[in-house]
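Structural overview
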Amino acid sequence: MRISVFGLGYVGCVSAACLASRGHEVIGVDVNPVKTGLITQGVAPVVEEKIGELTADAVRSGMLRATGDATEAVSATEMSLVCVGTPSASNGSLSTAYLERVAQEIGAALAGRHEWHTVVFRSTMLPGTCTDLLIPILEKASGRSAGVDFGVVVNPEFLREGTSVRDFFEPPKTVIGELDSASGDAVAELYEGLPGEVFRVPIPVAEMAKYADNSFHGMKIGFANELGAICHALGLDSHRVMDVFLADRKLNISPAYLRPGFAFGGSCLPKDLRGLVYAARRADVSVPLLEHVLPSNDEHLRRALDLVTATGRRRVGLFGLSFKPGTDDLRESPLVELAERLLGKGYDLRIYDANVSLSRLIGANRDYVEERLPHLGQLLSHSAGDVFAHAEVCVVGCTEPAVLSVLEAAGDRTIIDLVRLPDAERRRAQPGYVGLGW
């Protein structure tokens, strides 16, 4: 393809050189004449492993050149990759000034073209930026309609400085947020033959994907550093501890626990988090990340309670009570806590959980529920149908077959889904259905 790349910083420079090495004709565009001058001389404007050789070879072969003229670049190409920066403002907000300027320039250049052109945003931007801000700028400047007269794609990059060339050719994944399928096909063709799964998704999902990655990376580093500080204070080698942690590919380094849902509970996680934070405080170690895990967990309880309150209805059916499916363990179950808060606010509550029978609860499990829900026997039903018949609002905390069956006849009931029901995608379009985090 013939491609223009706007912005010759790390992302743009690497993208331009790597695409040129794959046989595409690339024009780099930048307002800084020093950067375009360096490219013209076959010199990379950034320091990065292998980028110097790739740039020199691409310029020498005629597959890469640079200009400061946006109109010339757009006119000579069929696709524009926007790789300009989106720095933080002092208050933490995202600056879109460079994106807006480039969108205006590309839009103006498109005004005089009749050929199809695809505008691809590689810059990191918050969900809604493309559809609510950039596409209107493109349309106004060009006098044409996105998805009809030209294409728009959000294609976030996952390049690390220092290894960005390697990351380009060995991506963990490719994310294509497409306004129209034709443009999505064209961008997919750019990366044909490279490893990693390709995700064709709506534009806002693609925008959010980069934030999901980077926030998790930051959280992982913060977690490791806080754990290291605690280990050091206790006289332990944190790297030996983490060697054991990293060996677990079933729960620790895995997809486990990474699907949005309801709060966690049980006899282990809350207790052990409290214990670790207490040990850190005794050792005078500040661990703000770990200290805020339980308050963050409690926010999910508050969100669920707020969803019930917002309905204005008083008869509630709670489906599920144990802290996880397939068990009768009620200790520190978030559903028990939710039931307690609903009762405290005067809701007419009925509960169904196929695994929970008051007569079978023993030991610490029974002691816990007698303390938190002393009237459980009056609230608990052995029939999902009876709870469903009682309820104006169904709070779903499990996916047992009996529960899924009765929910098929929801009618005008409100369904508050805490677990993402198997048919959540279908239900999302229906009135009365509310997902906790989707």
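Structural notes, computed from the coordinates. Note that the structure is a prediction, hence the values are computed from the model and not measured. (Residues numbered from 1 in each chain as written. Predicted model: local features only at pLDDT ≥ 70, side-chain atom pairs only at ≥ 80, totals over all residues. Heavy atoms only, no water.)

On to the overall build of the protein, then. The secondary structure content of the protein amounts to 19 helices and 14 strands. Dimensions of the protein, computed from C-alpha atoms along their principal axes, come out at roughly 80 × 60 × 40 Å. Here the protein, with 438 residues, has 45% of them falling under the buried criterion. Looking at the protein as shown, the accessible area adds up to about 21500 Å², and 54% of this sits on carbon and sulfur atoms. Put simply, the protein has 43 plus and 55 minus side-chain charges, and the middle of one group is 3 Å from the middle of the other. (Helix = DSSP H or I, 4+ residues; strand = E, 2+ residues; numbered from the N terminus. Buried < 20%, exposed > 50% of the residue type's maximum accessible area, 1.4 Å probe, protein only. Areas by Shrake-Rupley, 256 points an atom, 1.4 Å probe, with all protein chains shown as cover. Lys, Arg positive; Asp, Glu negative; His and termini not counted. Charge placed at Lys NZ, Arg CZ, Asp CG, Glu CD.)

So, about the sheet that holds strand β8 (residues 197-201). Here eight strands make up an open sheet; going across it, the order is β3-β2-β1-β4-β5-β6-β7-β8 and the pairing mixed. Two strands close off the open sheet at either side, each with one partner strand: β3 (64-67) and β8. Pairs of neighbouring strands in the sheet enclose a mean axial angle of 25°, with direction left out of account. (Pairing = 2+ DSSP bridges. Axes fitted to C-alpha atoms, helices over the stretch in contact; angles between N-to-C directions.)

Once that is clear, we can look at empty space enclosed by the protein. Enumeration over the complete set of coordinates arrives at one cavity of 30 Å³ or more. Quantified by volume, the largest cavity comes out at close to 130 Å³. Around the largest cavity, the lining is made up of 14 residues, and of these R122, F158, P171, K173 and Y191 lie nearest the centre. Residue assignment for the lining of the largest cavity shows that the elements contributing at least two residues are α7 (164-169) and β7 (173-178). Here the element with the most residues in the lining of the largest cavity is β7; it accounts for three residues. (1 Å grid on protein atoms, 1.4 Å probe; cavity = no way out; pocket = protein on both sides within 12 Å on 5 of 7 lines; lining within 4 Å. Points joined across faces, edges and corners; volume = space filled by probe spheres on them.)

Where helix α5 (residues 97-110) contacts helix α6 (residues 129-142), the two axes come as close as 7 Å, and the packing angle between them is 30°. Along this stretch, α5 crosses α6, giving a crossing that reads as right-handed. When α5 is examined against α6, the residues L99, E100, A103, Q104, I106, G107, A108 and L110 are found in contact with a partner set consisting of L133, L134, I137, L138, A141 and S142. In terms of residue class, the contact of α5 with α6 is made up of ten nonpolar, three polar and one charged. (Left-handed = near helix turned anticlockwise from the far one by under 90°. Contact = heavy atoms within 4.5 Å. Nonpolar A, V, L, I, M, F, W, Y, C, P; charged D, E, K, R; others polar.)

In this structure, D30 sits in the loop between β2 (25-29) and α2 (33-40). One buried charged side chain, D30, makes no salt bridge at all; its nearest oppositely charged neighbour is K35, positioned 4.1 Å away. A distance of 2.8 Å separates the side chain of D30 from the backbone nitrogen of L8, its partner in a polar contact. Not counting residues within four places of it along the chain, the set of residues in contact with D30 comprises G7, L8, K35, T36, T67 and G68. (Salt bridge = Lys/Arg side-chain N within 4 Å of Asp/Glu carboxyl O. Polar contact = N/O pair within 3.5 Å; in protein donor to acceptor, adjacent residues only side chain to side chain.)

This part takes up the packing of helix α1 (residues 10-21) against helix α3 (residues 51-61). Packed helix pairs are characterised by how far apart their axes lie and by the angle those axes make with each other. Axis separation between α1 and α3 bottoms out at 9 Å; the angle between their running directions is 55°. Between α1 and α3, the interaxial angle falls into the category oblique. For the element pair α1 and α3, the recorded crossing hand is left-handed. For the pair α1 and α3, the contacting residues are C13, V14, A17, C18, A20 and S21 in the first and I51, L54, T55 and A58 in the second. A class-by-class count of the residues in the contact of α1 with α3 yields eight nonpolar, two polar and no charged. (Parallel < 35°, antiparallel > 145°, perpendicular 65-115°, else oblique.)

Below, the discussion takes up the packing of aromatic side chains. All chains considered together, the criterion is met by three aromatic pairs. Taking 6.1 Å as the distance between ring centres and 55° as the angle between the ring planes, the aromatic pair formed by F168 and Y191 counts as tilted. Of the two residues, F168 is situated in helix α7 and Y191 in the loop between α8 (181-190) and β8; the sequence distance between them amounts to 23 residues. One exposure class covers both F168 and Y191, and it is buried. (Phe/Tyr/Trp six-rings, centres within 6.5 Å; stacked < 30°, edge-to-face > 60°.)

Across two bridges, the pairing between strand β6 (residues 151-154) and β7 is antiparallel. Directly across from V153, in β7, lies its bridge partner E178. Pairing between β7 and β8: five bridges, direction parallel. Bridge pairing in β8 places T174 opposite V198. In terms of handedness, the path from β7 via α8 over to β8 forms a crossover that is right-handed. (Right-handed = clockwise from strand over helix to strand, strands pointing away.)

Counting 49 residues, the largest nonpolar core has F319 and L338 as its most contacted members. Element by element, the count of residues in this core is highest for helix α14 (residues 334-344), at five residues. Ignoring any residue separated from it by four or fewer positions in sequence, one finds F319 in contact with Y352, A384, V387, F388, C394, V395, V396, G397, C398, V403 and V406. Listed in part, the 35 residues of the second largest apolar core include V26, A66, L81 and A186. (Core = buried A, V, L, I, M, F, W, Y, C linked by side-chain atoms within 4.5 Å.)

So, about the pattern of salt bridges. Evaluation of the coordinates by the stated rule reveals 27 salt bridges. Across the pair E337 and R372 runs a salt bridge, and its minimum N-O distance is 2.5 Å. With E337 in helix α14 and R372 in helix α15 (residues 363-372), this residue pair connects regions lying 35 residues apart in the sequence. Taking the relative accessible area as the measure of exposure, E337 reaches 17% and is therefore buried. For R372, a relative accessible area of 22% gives the class partly exposed. Via salt bridges that share partners, D298, E337, E340, R341 and R372 belong to a single interconnected network.

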